[in-house]
Amino acid sequence: MTKKSDRMAEAGSPLSKFGVLVAQLNSIVNSAPQQPPDPLLCFDLLSDLVSTIEDEPKASILQWQRKCEDALQSLILFGARRPVRRLASTTMVRIIEKGDTISIYSRASGFQGWLSDTRKVDPLSYIGAAQCLGDLYRSYGRKITSGMVETSNIVTKMMKFPEVGVRKAMLQMLQNALEGSEGAGPLAAYSEAFRTVMRFGVVDKSSAVRTVAAGCLRAFAITGGPGLGAGGLESSASLCVKALEDPIPSVRDAFAEALGALLALGLNPESQVQSRGKGQLVPARTLEGGLQKHLIWPFMKATGARSKDLRVGLTMAWVSFLQGMHLTYLHSDTELQNFALQAIDMLHGNSVIDAHAQACVLYILRVGIVEQMSEPTQKDFMILLAKQLCLPDTSPSMFVVTLRTLSHLLTTLGEVPSDSKEVLDNSLVAILSNSSIPVRVEAALTLRTLSEVDPTCAGGLISYGVTTLHALRETVAIEKGDRLRIELDSLHGQAAMLAALVSASRRLPLGVPCRLPLAILKVAKKFMLESSRKAQAGVEKEVGWMLLAAVISSMSKEELEAQEFDILALWTIPFGGNIEHRLKQAEENLEAELCGWSAAVEALTAFVKCYVVPNMTSKNEGILLQPVLGYLSGALAYISSLTMKQLQISKPALDLFIVRTLIAYQALPNPFTYKNDHSQLLRVCTTPFRDPSSCEESSTLRQLLDHRDASLGPWTPGRDSFEDELRAFEGGSDGPLPCMWEDELPIFPQPVSLGRLLVNHMLLLFGVIFATEGLAGKLQLLDIVDQSLKTGRKQAWHAANITNVCVGLLAGLKASVRSRCMESETEVFKRMQSVFQGILADEGICIAQQRAAAEGLGVLARLGNDIYAARLIRSLMADVNGASDSNYKGSIALALGCIHRSAGGMALSSLIPATVQSLCMMAKEPKDCLHIWSLHGLCLTTEAGGLSCVPHIQTILSLAMEILLSEEHAGTDLRQSIGRLINAIVAVLGPELSPGSSFFSRCKSVVSEIRSGEEPAVLLECVRFTQQLVLFAPQAVSMHSHVQTLRPTLSSRQPTLRQAAISTLRHLAEKDPDWQTCSCNY
């Protein structure tokens, strides 16, 4: 900077807005020794300063650059709060960018010198200096590489500092220095940095520090691995694999990303930074066997309690590696096919299907391989996978994964390439005879996808299948032993294909010839009515019912009406007549009969869903429902008799029969129609409460909970729904296979075990029946629930029992909302309120159980009247005053928000001041989890209260700023909660949010602050902020500004962000159609 510009600044030349802001900043800094700077004042001032720099002329910047830099440096070294020091660092970088860049050397040297000083100062000063120096490195790293050695030495020294925040800030500075220098610094600096990370960072007690240490390893990888040495890649990759068993999810994710980047670098030696010290250059080496050692073998050998976490971590590492190979090192997408085969080979040797391992490999193939391929390569990949189906020694899991990926490719492409059609047809038809049932079912589903993409093949495949089925029926009548087993497998495979194809025929543009479904119906009746021998009778009946279900789902209303009574009469065979007599006849081959009965109930469910429910009127209700109810009563009689007699039968076969019977009852539109069966059904459905030790924990709580509270956990939304499903996936090798006639399939095969599925449907049907019971019946059921909670307090199954109670009661409440069955049952409300509050008071409950109990209280308030809801809110606020446990307080905060969301609006407007005050008090307590839950409850209250919350907006916004400016709370979850709260404020204020208002400026500054991270959940709230402005305050920001804000998001790798941005652009176009023309020029 020149002396002339200094003299101009001192001579009192007219001040620009930038100059005024710099003068104000200097005034704050000069008075800091006597009066510490006010964080909020500094935040507002620096926010204005950052936005002013963009439009300020360079001459004005040069005039005030030195004074501004000095003031910013002083402010940082005084120990500014986190948002203030981030803004100060950002301002420093932008001033240097637009002004005289020569000052980068003096500023970097000044911060290094200050950090090198061993004097003891406020930890915030160390953190601020490290952050600013790191930002300077990130922007100008290649210009200041001479200071890398000193920077590495500073980090080494400061890693012994007791404050976690200081250690984290030092490693973050090191990561920025590594990325900014791009491997161009001295070798000694990188060697020291790597030694520090491995010796201190990755083994730190703090999870936050370990996460940043993983980021440093990734930074080494993406910059060419400078200073890693001969064994550095190997040792760091091994450490990353070990870290994938860390109990903290964020740590596992960070090390997974680092592992992928390190392995990608290891396979690209030409991109590795070579040593530039004295003597000869050390040649780069390929990391031989890196994939096998660090990705494949750990995946295949994963066992123990944390095996699923390890597999998911390795899966994310696979994706990181594949994206690095293609996007960073520019390998062609054709090369990805080789890695795909290696990923599939991880399932080799698994004779028993491992559903979780399957799901992980499917994720790798879909996200890491298919999504990165161009359309021509996807077509080649399809042919490659089809050929893999014909290879010997392929395990069932490999078949399932390959078939599911083929289905995804067919759906993605929307066509069948002409050069792969024959290969696909031959491969898929051949695999229908596989000995594994899941493989045969998956092959049939893949053929269904094929017919939907290429409808011309459907008729030929169905004709072939019918002919083959007739031939196989004749063959199984005479075969014996192993040959009979092979023929029965082929019979089942062909039937599965026919069922899948005929069920899809209704979605085809021209359908299929009507003679084909009739031919399938004819052969189905033969299998059901004319079983040839006892040895194969069970399989034949199962095949017949499966075909019947598919035909029913494909036939039109008119076609079914013509033969509805003939079809209904078919169920008299298994479920009509004397049940005890039939059981006695079936004792010799009971397991096979059970399979046939299960298939029959599934076909009855198809009849109910596809014909009875859509066509039921007040006139024909009895005609259609009475036979169905009679058959279901017969199935229920089988269950009761088999359960009481305790015969030596296969438990999985009986469980599957019970599951399908419960599903059939749930398919009926009105639970009052089977009122006579309620007592028998409740004997089955209360098993999780009467005998909790024998039941698994339900997995359906995730589907019951309100998705708007998902940010609280435990299933935190990630990249997209596909990743969310993988992280929540439990899997079960004995899980039921999908129905051929159902349109929607689970994202991953066999998502839940049979035992858990049984508990799920018991509890769901319990909830449906609970909603229809009278007062005495409800109280009796609540007695059973209460008793199970009391007796299980010290039992190992206590946690699972609480989940099951939450599922049962929440399902019952939501069924009551749909049918309005509990509007005046005060005693039931009190009992259920007591159960939910007792669960919330339990110290060992998990987040999902907290959410369920809190949401249950909200639904109770909706079912009750306004007086009950108000009394419930007052009761909860009274409990908060005497509570000391932060988890309990957080649960009450959510419950208050849920009550306002469910029953709020103007009805509870008188209680909004007290609710806001209570939630604000909880949010000010020091616990992180309490902050997040209180802010979420406050957000729900604000959204529900609407205009009633306007008088409290200033208080709510001040609270958000206070938490944002606090040093203790910097987590992603907290920033997301603040973002949601700001969006709720925008929705409430709406048109009052004018461009020059203090509310708008403050909201905009807060969103800019939380946008500084890269977390998808936080960035999503920032996009929603723009969307809220478009919808509720279109006058606040110009459309051009909105477009400029959304443009970076449109190219994001996160599908959820892209979708939100596109939705916002659509709202913009709807607001002003003329904007679409000029937007193309932006």
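Residues numbered from 1 in each chain as written. Predicted model: local features only at pLDDT ≥ 70, side-chain atom pairs only at ≥ 80, totals over all residues. Heavy atoms only, no water.

> How should I be thinking about the overall build of the chain in this particular structure?
The helix and strand inventory of the chain stands at 52 helices and zero strands. Since a compact globule built from 1082 residues should have a radius of gyration of about 31 Å, the 33 Å found for the chain is in line with a globular shape. Summarising its shape, the C-alpha atoms of the chain cover approximately 105 × 75 × 65 Å along the three principal directions. Here the chain, with 1082 residues, has 58% of them falling under the buried criterion. Pairs at least 24 residues apart make up 75% of the contacts formed inside the chain by residues separated by at least 6 positions. Approximately 43800 Å² of the chain is accessible, and the part contributed by carbon and sulfur atoms is 52%. For the chain, the centre of its 102 positive side-chain charges and the centre of its 107 negative side-chain charges are spaced 3 Å apart. (Helix = DSSP H or I, 4+ residues; strand = E, 2+ residues; numbered from the N terminus. Rg over C-alpha atoms; globule rule 2.2 N^0.38 Å. Buried < 20%, exposed > 50% of the residue type's maximum accessible area, 1.4 Å probe, protein only. Contact = heavy atoms within 4.5 Å. Areas by Shrake-Rupley, 256 points an atom, 1.4 Å probe, with all protein chains shown as cover. Lys, Arg positive; Asp, Glu negative; His and termini not counted. Charge placed at Lys NZ, Arg CZ, Asp CG, Glu CD.)

> Even after reading the chapter, I still don't get the side chain of Thr1049, so can you show me in this structure?
Topologically, Thr1049 is positioned in helix H50 (residues 1039–1050). Not counting chain neighbours up to four residues away, the residues in contact with Thr1049 comprise Val1023, Leu1057, Arg1058 and Ala1061.

> How should the packing of helix H42 (residues 866–882) against helix H43 (residues 886–903) be read in this particular structure?
How two helices pack is summed up by the angle between their axes together with the distance between the axes. Where H42 contacts H43, the two axes come as close as 10 Å, and the packing angle between them is 165°. The orientation of H42 with respect to H43, classified from their angle, is roughly antiparallel. Two packed elements cross with a definite hand, and for H42 against H43 that hand is left-handed. Contacts between H42 and H43 pair Ala869, Leu872, Ile873, Leu876, Met877, Asp879 and Val880 from the former with Tyr888, Lys889, Ile892, Ala895, Leu896, Ile899, His900 and Ala903 from the latter. Of the residues that constitute the contact of H42 with H43, the class distribution is twelve nonpolar, one polar and two charged. (Axes fitted to C-alpha atoms, helices over the stretch in contact; angles between N-to-C directions. Parallel < 35°, antiparallel > 145°, perpendicular 65-115°, else oblique. Left-handed = near helix turned anticlockwise from the far one by under 90°. Nonpolar A, V, L, I, M, F, W, Y, C, P; charged D, E, K, R; others polar.)

> In this structure, what is going on with the pattern of salt bridges? I would like to understand it.
For side chains of opposite charge, pairing can occur when their charged atoms come near one another. One pass over the full model with this rule turns up 45 salt bridges. In this structure, Asp44 and Arg1002 form a salt bridge, with 2.7 Å as the shortest nitrogen-oxygen distance. Placement of the pair is Asp44 in helix H3 (residues 39–55) and Arg1002 in helix H48 (residues 998–1010), with a sequence separation of 958 residues. One network of salt bridges, with partners in common, ties together Glu452, Arg506, Arg507 and Asp743. (Salt bridge = Lys/Arg side-chain N within 4 Å of Asp/Glu carboxyl O.)

> Would you take a moment to explain unusual backbone geometry for this structure?
The omega torsion of the bond from Gly713 to Pro714 falls at -5°, within 30 degrees of zero and hence cis. Despite not being glycine, Leu330 shows a phi value in the positive range, around 60°. Residue position: Leu330 is located in the loop between helix H15 (307–328) and helix H16 (336–345). Despite not being glycine, Asp393 has its phi angle at roughly 55°, a positive value. Of note, Asp393 is situated in the loop between helix H18 (375–388) and helix H19 (396–413).

> What am I meant to see in the confidence of the model for the chain here?
Close reading of the predicted structure is inappropriate where its pLDDT is low. Within the chain, residue pLDDT values average 89, and 94% of them lie at 70 or more. A low-confidence stretch, residues 1–11 stays under pLDDT 50, and its non-local contacts, those more than four residues away or across chains, total 14 contacts. (pLDDT = per-residue confidence, 0-100.)

> Just checking my understanding: could you explain the environment of Met316 for this structure?
Looking at the secondary structure, you find Met316 in helix H15. Note on Met316: relative accessible area 12%, which makes it buried. Placed 709 residues apart in sequence, Met316 and Phe1025 show a C-alpha to C-alpha distance of 30 Å. Residues within four places of Met316 in sequence aside, it is in contact with Ala256, Tyr363, Glu723, Leu726 and Arg727.

> Would you explain the nonpolar core in this entry?
In a soluble, globular protein the nonpolar side chains are often hidden away together inside. Counting residues in hydrophobic clusters, the biggest one holds 368 residues, and the most contacted among them are Met170, Leu171, Leu259, Trp318, Leu547, Trp571 and Phe575. Ranked by residues supplied to this core, first place goes to helix H30 (residues 590–615) with 13 residues. Discounting residues that sit within four places of it in the chain, Met170 has contacts with Leu115, Tyr126, Ala130, Ile154, Val155 and Met158. Val1043, Ala1060, Leu1065 and Leu1068 belong to the second-largest nonpolar core, a separate cluster that totals ten residues. (Core = buried A, V, L, I, M, F, W, Y, C linked by side-chain atoms within 4.5 Å.)

> Just checking my understanding: could you explain the environment of Asn801 for this structure?
Mapped onto the elements, Asn801 comes out in helix H39 (residues 798–819). Along the chain, Asn801 and Asp691 lie 110 residues apart, while their C-alpha atoms are 9.9 Å from each other. The residues touching Asn801, leaving out its near neighbours within four places in the chain, are Pro688, Phe689, Pro692, Ser788 and Leu789. A polar contact is formed between the side chain of Asn801 and the backbone oxygen of Ser788, at a distance of 3.2 Å. (Polar contact = N/O pair within 3.5 Å; in protein donor to acceptor, adjacent residues only side chain to side chain.)

> Would you mind showing me how to read helix H4 (residues 58–77) here?
With 20 residues, H4 should reach 28 Å at 1.5 Å per residue; the first-to-last C-alpha distance of 27 Å fits that figure. The largest bend along H4 reaches roughly 55° and is located at Trp64. (Expected span 1.5 Å × (residues − 1). Bend = angle between axes of the 7 residues up to and from the residue.)

> Would you take a moment to explain helix H29 (residues 579–586) for this structure?
Residues of H29 that are buried include every one of Ile579, Leu583 and Ala586, and no others. End-on view of H29: buried residues confined to an arc of 65°, all on one side of the axis. Along H29, exposed side chains directed more than 90 degrees from the buried face belong to Lys584 and Gln585. N-capping of H29 is provided by Asn578, with a side-chain oxygen placed 3.0 Å from the backbone N of Glu580. (Arc of directions from axis to C-beta.)

> Is there a simple way to think about the packing of aromatic side chains in this case?
Aromatic ring pairs are defined here through the distance separating the ring centres and the angle between the ring planes. As enumerated under the stated definition, the model contains 20 aromatic pairs in all. Relative to Phe161, the ring of Tyr126 has its centre 5.4 Å away and its plane inclined at 65°; by these criteria the two rings are edge-to-face. Of this pair, Tyr126 sits in helix H7 (residues 123–140) while Phe161 is found in the loop between helix H8 (148–158) and helix H9 (164–181), placing the two residues 35 residues apart along the sequence. Each member of the pair, Tyr126 as well as Phe161, carries the same accessibility label: buried. Clustering of aromatic rings is evident, with ring pairs tying together Trp545, Trp571, Phe607, Tyr611 and Tyr631. A cation over an aromatic ring shows up here: Arg366 above the ring of Phe722, its NZ or CZ 4.0 Å from the ring centre. Lying across the ring of Phe527, Arg473 places its NZ or CZ 5.6 Å from the centre. (Phe/Tyr/Trp six-rings, centres within 6.5 Å; stacked < 30°, edge-to-face > 60°. Lys NZ or Arg CZ within 6 Å of the ring centre and 35° of its normal.)

> Sorry, what's going on with the environment of Asp345 here?
Within the secondary structure, Asp345 is located in helix H16. In the structure, Asp345 is positioned 45 residues away from Met300 in sequence and 9.6 Å away in space, judged by C-alpha atoms. Excluding residues that lie within four positions of it along the chain, Asp345 makes contacts with Met300 and Met398.

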